[in-house]
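# Understanding the architecture of this molecule
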Amino acid sequence: MMDLHSLLLWYSENGRHHLPWRTDPTWYRVWVSEIMLQQTQVATVIDYFHRFLAAFPDVETLANADESDVLRHWEGLGYYRRARQLYAAAKVMVEKFSGQFPEKYSDVLALPGIGKYTAGAILSFACQQRYPILEANTQRLHARLLGLNQPVSDAMSQKRLWQNATDWVCQEQEKPGVINTALMDLGSMVCVPKNPRCDACPLVRDCEAYRRGWVEKIPVVTEKTRYENRHDAAMVVKKGDQICLLRYVSGQRWAGLWDFPRTEIPDGADTESTLRAFLKKNVGLNVRVGKPLKSLRHGVTKYRIRLDCFSGTALSPASLRKQTPQGGEIRWVPLAQLHQYPLSSTGRKIAEMLSHDT
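Residues numbered from 1 in each chain as written. Predicted model: local features only at pLDDT ≥ 70, side-chain atom pairs only at ≥ 80, totals over all residues. Heavy atoms only, no water.

So, on to the overall build of the protein chain. In terms of helices and strands, the protein chain carries 15 helices and seven strands. Taking the principal axes of the C-alpha coordinates as reference, the protein chain spans close to 75 × 50 × 35 Å. Here the protein chain, with 358 residues, has 50% of them falling under the buried criterion. Nonlocal contacts in the protein chain, meaning residues at least 24 apart in sequence, comprise 65% of its contacts between residues at least 6 apart. As displayed, the protein chain offers around 17,900 Å² of accessible surface, 48% of which is attributable to carbon and sulfur atoms. (Helix = DSSP H or I, 4+ residues; strand = E, 2+ residues; numbered from the N terminus. Buried < 20%, exposed > 50% of the residue type's maximum accessible area, 1.4 Å probe, protein only. Contact = heavy atoms within 4.5 Å. Areas by Shrake-Rupley, 256 points an atom, 1.4 Å probe, with all protein chains shown as cover.)

Printed below as a string of structure tokens:
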């Protein structure tokens, strides 16, 4: 049984109506927000969303921008592939759809960076088409409503979850996007992963997991990723007031971004000699390793990384190559201009440290 009335009443009183992409849900604003929200929390996205829209207020501006400028405004959100796909999709919309968002589902799915969930979200939120959505919060909510005691990633489980999401959204004829939004908010605010607030849930009477006492056991998930520890080292190589930067290319992590030269330090290897060999082979510089500057810890995919940063002096600065062996550009960049370059998140932290030290 689906208590649509109770859900909508709860949403009218408790929903996150203030979110900027909801107060003015044009397709462009909804599209940008949905790409930003992939694997990123709402609270983190809001400020980035405002800055991004200020720089790229419409799809034409975005499509005509330099990719490096797009990446710079994305800097800090991580998962930079999303930004590159957003940029590529903008170009497709300008060239193929006259600067409009396609309203045909198959055309939307064909855009870079858009899958089944994102297509349904944009078409329902901005175009009021009756397409379901299934993301982390609604998947958990639907699994509990159904009492689904099988791993949610299984093919049959996904089929049941998508069907339940479809059944819900098809109840609303005029504004189906409201159903999807209400279910998302209910999952995010009430039907949370641990200690869900079942006493505040408008759908608790029809929740199979609640009836059976399975709420804390659902959703059933497969084994979590096992992370590997990794040791990296980076070097701030100076030539007067200039710093050596290199740019990653397609196929490399952080493609399109600039960074200080860095490399992995294998277990048992000497950090300084490994750094010197890397700089010689990939950048063309003989360097003298200086003092340690900073140690950072961060995560990338399945790795938990300790990044040690060192100062360095180029002994033969004129020998700097124009490109890395992978084809990435190498430059001497004035310290005062580092803020103009899109950097990796750890690269930005190093740059901020350097600016504070000057």
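The next subject is the nonpolar core. If you look at soluble globular proteins, the nonpolar side chains tend to sit buried side by side. One finds Y28, W31, F52, L62 and F101 to be the most contacted residues of the largest nonpolar core, which totals 67 residues. Of all the elements, helix α3 (residues 27-37) adds the most residues to this core, at eight residues. F101 has contacts with W27, W31, M93, V108, L111, I114, I122 and L123, leaving out every residue within four places of it along the chain. Among the nonpolar cores identified, the runner-up in size contains 26 residues, and Y11, V152, V215 and I218 belong to it. (Core = buried A, V, L, I, M, F, W, Y, C linked by side-chain atoms within 4.5 Å.)

Counted by the stated rule, this structure contains 15 salt bridges. Here D232 ties to R230 by a salt bridge, and the two come within 2.8 Å at their closest N and O atoms. Salt-bridge contacts for D308 lead to R306; the nearest nitrogen and oxygen are separated by 3.0 Å. Judged by relative accessible area, which is 13%, D308 ranks as buried. Residues participating in the shared-partner salt-bridge network are R16, R22 and D185. (Salt bridge = Lys/Arg side-chain N within 4 Å of Asp/Glu carboxyl O.)

A word on the confidence of the model for the protein chain. Low-pLDDT portions of the prediction should not be read for the details of their coordinates. Residues of the protein chain with pLDDT of at least 70 account for 99%, and the chain-wide mean is 92. Averaged pLDDT values over the elements of the protein chain bottom out at 86 in helix α15 (residues 345-357) and peak at 97 in helix α5 (residues 59-63). (pLDDT = per-residue confidence, 0-100.)

Bringing unusual backbone geometry into the picture now. The omega torsion of the bond from I218 to P219 falls at 10 degrees, within 30 degrees of zero and hence cis. Topologically, P219 is positioned in the loop between α13 (208-212) and β1 (228-239). For Q39, which is not a glycine, the phi torsion comes out positive at approximately 65 degrees. Relative to the helices and strands, Q39 resides in the loop between α3 and α4 (42-55). Residue Q39 is classed as exposed on the basis of its relative accessible area, which comes to 61%. Positive phi, normally seen in glycine, also occurs at S98, with a value near 55 degrees. Within the secondary structure, S98 is located in the loop between α7 (81-96) and α8 (105-109). Overall, the relative accessible area of 63% leaves S98 in the exposed class.

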